[in-house]
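Structure assessment
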Amino acid sequence: MGLLDSLLGRSKPVRPDLDQLFAVPSAALTLQAGVGFAPTGRGSVCFAGVEGGSFARIQQDVRELLDADTGRGGVPVEFSRDAYGYTWLLARHTPDDTAALVNDLHAVNTLLQDGGFGSHLLCSLIGFRDAEDRPLALVYLYKRGTFYPFAPLPGGEEKRDNQLELQVRAALGDDLRVEKDLARWFPVWGAPGL
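**Some thoughts on the overall build of the chain**
Within the chain, the regular secondary structure consists of five helices and six strands. Reading the helices (α) and strands (β) of the chain from amino to carboxyl end gives α-α-β-α-β-β-α-β-β-β-α. Sorting the 194 residues of the chain into buried and exposed places 41% on the buried side. Taking the contacts inside the chain whose residues are at least 6 apart along the sequence as the reference set, 64% of them involve residues at least 24 apart.

**So, empty space enclosed by the protein**
Any empty space left between the atoms is revealed when a probe the size of a water molecule rolls over them. Scanning the entire structure with this criterion turns up one cavity of 30 Å³ or more. Size it by volume and the largest cavity reaches roughly 30 Å³. Lining the largest cavity we find Arg134, Pro135, Ala151, Pro152, Leu153, Pro154, Asp161 and Leu164. Residue classes in the lining of the largest cavity are distributed as six nonpolar, no polar and two charged.

**Considering the nonpolar core**
Side chains that are nonpolar tend, in soluble globular proteins, to be buried together. Of all hydrophobic cores here, the largest spans 49 residues; its most connected members are Leu31, Phe128, Val139, Val168, Leu176 and Val188. In this structure, Val168 is in contact with Leu31, Val35, Leu136, Leu138 and Pro149, ignoring residues within four places of it in sequence.

**Side note on the sheet that holds strand β1 (residues 38-48)**
Two orientations exist for strands paired in a sheet by backbone hydrogen bonds: parallel and antiparallel. Read across the open sheet, the six strands follow the order β2-β3-β1-β4-β5-β6; overall the sheet is antiparallel. Every other strand in the sheet has two partners, leaving β2 (78-81) and β6 (146-150) as the edge strands with one partner each. Each strand axis lies, on average, 25° off the axis of its neighbour in the sheet, ignoring direction. Across seven bridges, the pairing between β1 and strand β3 (residues 86-92) is antiparallel. Each bridged residue has a counterpart across the sheet, and for Cys46 the counterpart in β3 is Trp88. Each of β5 (135-141) and β6 touches helix α5 (residues 162-172); the most contacted strand, β6, lies at about 140° to it.

**Quick look at the pattern of salt bridges**
The tally for this structure, following the rule as stated, stands at nine salt bridges. In this structure, Arg92 engages Glu78 in a salt bridge whose closest nitrogen and oxygen atoms are separated by 2.9 Å. One end of the pair, Arg92, is in strand β3; the other, Glu78, is in strand β2, with 14 residues separating them in the sequence. Taking the relative accessible area as the measure of exposure, Arg92 reaches 29% and is therefore partly exposed. With a shortest N-O distance of 2.6 Å, Asp130 and Arg134 are connected by a salt bridge.

Calculation criteria
- Residues numbered from 1 in each chain as written.
- Predicted model: local features only at pLDDT ≥ 70, side-chain atom pairs only at ≥ 80, totals over all residues.
- Heavy atoms only, no water.
- Helix = DSSP H or I, 4+ residues; strand = E, 2+ residues; numbered from the N terminus.
- Buried < 20%, exposed > 50% of the residue type's maximum accessible area, 1.4 Å probe, protein only.
- Contact = heavy atoms within 4.5 Å.
- 1 Å grid on protein atoms, 1.4 Å probe; cavity = no way out; pocket = protein on both sides within 12 Å on 5 of 7 lines; lining within 4 Å.
- Points joined across faces, edges and corners; volume = space filled by probe spheres on them.
- Nonpolar A, V, L, I, M, F, W, Y, C, P; charged D, E, K, R; others polar.
- Core = buried A, V, L, I, M, F, W, Y, C linked by side-chain atoms within 4.5 Å.
- Pairing = 2+ DSSP bridges.
- Axes fitted to C-alpha atoms, helices over the stretch in contact; angles between N-to-C directions.
- Salt bridge = Lys/Arg side-chain N within 4 Å of Asp/Glu carboxyl O.

The structure is reproduced here in structure tokens:
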């Protein structure tokens, strides 16, 4: 960062650290013990789709990599598009294998980044539920290199449980790099894996 950037208040964006995802399994234990939320075994990656052969090849590589275990009982990944035109990849594992789920999400992010499509990655999401079946997601913001909790209220309305989100932030402060700017805690309504 140069002197002019300092004077004008500009800062360099945080470089994404995909290895931050590997902290999620221990954070899941903290969530379960401290707040009562257990992993669902579902997670997703959201990215802006790109037209063209090279992006289609990477998408096919992702599918082949993650579907390699379907012959041994693994669940195939699913691709979908949301109302905003973003592509979501949904991966599933047993709820007690958060590490395998994180490995899959990390592999997707890495393949896209290494293929030159890192700027199209938006977020990764890992789903949780409590005994009352309330949903919660830990969302990793690719471009910020941080996590935040997203807790939609049950019932189909687009409302959040802000108190629960703040409680989760406090519980996970030592486990994950939590996004400090609450304005960046974007809602991901209807996200696959939630």
